[in-house]
Amino acid sequence: MFKVSTTKIKKSTLIEQLNIIETPAYKYLLTDDIKLFEDGVVNILFTENNLEDIKILVKTLSQGEGYYINVENSLGVKHVNIKDILYFEALDNDVFAIQNKERFYVLEKLYVLEQILTERNFVRVSKSFLVNIAHIDLIKPMLNSKLKLIMSNKDVVEVNRTYVKSFKERMKL
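Because the structure is a prediction, the values reported are computed rather than measured. (Residues numbered from 1 in each chain as written. Predicted model: local features only at pLDDT ≥ 70, side-chain atom pairs only at ≥ 80, totals over all residues. Heavy atoms only, no water.)

With that settled, consider the overall build of the protein. When helices and strands are tallied, the protein shows 4 helices and 13 strands. The buried share among the 173 residues of the protein stands at 39%. Put simply, of all contacts in the protein between residues at least 6 apart along the chain, 42% involve residues at least 24 apart. Accessible surface for the protein amounts to roughly 10500 Å². Of this, 51% is attributable to carbon and sulfur atoms. Positive and negative side-chain charges in the protein, numbering 25 and 23 respectively, have mean positions lying 5 Å apart. (Helix = DSSP H or I, 4+ residues; strand = E, 2+ residues; numbered from the N terminus. Buried < 20%, exposed > 50% of the residue type's maximum accessible area, 1.4 Å probe, protein only. Contact = heavy atoms within 4.5 Å. Areas by Shrake-Rupley, 256 points an atom, 1.4 Å probe, with all protein chains shown as cover. Lys, Arg positive; Asp, Glu negative; His and termini not counted. Charge placed at Lys NZ, Arg CZ, Asp CG, Glu CD.)

Another point: the layout of surface pockets. If a probe the size of a water molecule is rolled over the atoms, the empty space left behind becomes visible. Looking at the largest pocket, its volume works out to about 410 Å³. Considering the residues around the largest pocket, the lining is formed by 13 residues, among which Lys59, Asn121, Ile133, Arg170 and Lys172 are closest to the centre. Mapped onto the lining of the largest pocket, the elements with two or more residues apiece are helix H2 (51-62) and helix H4 (161-171). Among the elements that make up the lining of the largest pocket, the one with the highest residue count is H2 (4 residues). Of the residues assigned to the lining of the largest pocket, the class counts are 4 nonpolar, 4 polar and 5 charged. (1 Å grid on protein atoms, 1.4 Å probe; cavity = no way out; pocket = protein on both sides within 12 Å on 5 of 7 lines; lining within 4 Å. Points joined across faces, edges and corners; volume = space filled by probe spheres on them. Nonpolar A, V, L, I, M, F, W, Y, C, P; charged D, E, K, R; others polar.)

With that out of the way, let us pick up a nonpolar patch on the surface. On the surface, Ile34, Phe37 and Leu45 cluster together into a nonpolar patch covering about 280 Å² of accessible area. As for its position among the elements, Ile34 is in the loop between strand S2 (28-31) and strand S3 (42-45). For Ile34, a relative accessible area of 55% translates into the label exposed. (Patch = residues over 30% accessible without salt bridge, like charges linked within 9 Å, V, L, I, M, F, W, Y side chains within 5 Å. Salt bridge = Lys/Arg side-chain N within 4 Å of Asp/Glu carboxyl O.)

Bringing the sheet that holds S2 into the picture now. One open sheet holds the 3 strands; their spatial order is S1-S2-S3, and the pairing between them is parallel. Both edges of this open sheet fall to strand S1 (2-5) and S3, since each of them pairs with a single strand only. When strand polarity is set aside, the average angle formed by the axes of neighbouring strands in this sheet is 20°. In the sheet, S1 pairs with S2 via 4 bridges, with the strands oriented parallel. (Pairing = 2+ DSSP bridges. Axes fitted to C-alpha atoms, helices over the stretch in contact; angles between N-to-C directions.)

Moving on to the pairing of strand S11 (residues 136-141). The side chains of a regular strand alternate between the sheet's two faces. Of the strand pairs in this sheet, S11 and strand S12 (residues 147-151) are connected by 5 bridges, and their pairing is antiparallel. Across the sheet, residue Ile136 finds its bridge partner in S12, namely Met151. The hairpin turn running from S11 into S12, its antiparallel successor, is 5 residues long, and Ser145 in that turn takes a positive phi close to 65°.

Our focus in this paragraph is the sheet that holds strand S13 (residues 156-159). In spatial order, the strands read S11-S12-S13; together these 3 strands make up an open sheet with antiparallel pairing. Either end of the sheet is taken by a strand with one partner, and the two such strands are S11 and S13. For this sheet, the mean inter-axis angle between neighbouring strands, taken without regard to orientation, is 25°. By the bridge criterion, 4 bridges tie S12 to S13 in an arrangement that is antiparallel.

Turning to helix H3 (residues 110-117), a few remarks are in order. Taken as a whole, H3 has its buried residues at Leu110, Leu113 and Leu117. One side of H3 holds all its buried residues, which, seen down the axis, span an arc of 60°. Exposed and facing more than 90 degrees away from the buried side of H3 are Tyr111 and Gln115. Packed against the buried residues of H3 are strand S4 (68-73), strand S6 (87-91), strand S7 (94-99), strand S8 (102-106), strand S9 (122-124) and strand S10 (129-132). (Arc of directions from axis to C-beta.)

With respect to the secondary-structure elements, Asp53 resides in helix H2. Relative accessible area serves as the criterion here: at 53%, Asp53 is assigned to the exposed category. Once the C-alpha coordinates of Asp53 and Met142 are considered, the two residues, 89 residues apart in sequence, prove to be 32 Å apart.

This is the structure:
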């Protein structure tokens, strides 16, 4: 997922500080020298002064990477990367994963998913919804002390009053 190329900072120290595992097939190049930029990948130029910001960015990019869940619909079972799921919705005794405009059945209960995915960018927003915060496009306050979330696929999910405080803390609002 990551490759590190540096000229000013010792590479091994940087990898340790940022908690990065370099991979042969990488999408992101972290560098402190613009001359080391590569075509075909996302280049991230940083200085030693903004290492804390880079740590947060690396953690965010890594959330859900390599973690998959089995879901199913009328076409069959699909192995989906958790970072591609926008939210989970519980209806009666069933749980569904929403990926773009597709709806998939999930075998796990919502509370089990919440325990597993809290460290992977997911937050509980109501009794029935678990949302991937990386896929929230817009947060709108509502008159009744609730919040309205506009997801990246334009679906609307409400944050109930019971969950507003914990949601705001998680989002650092």
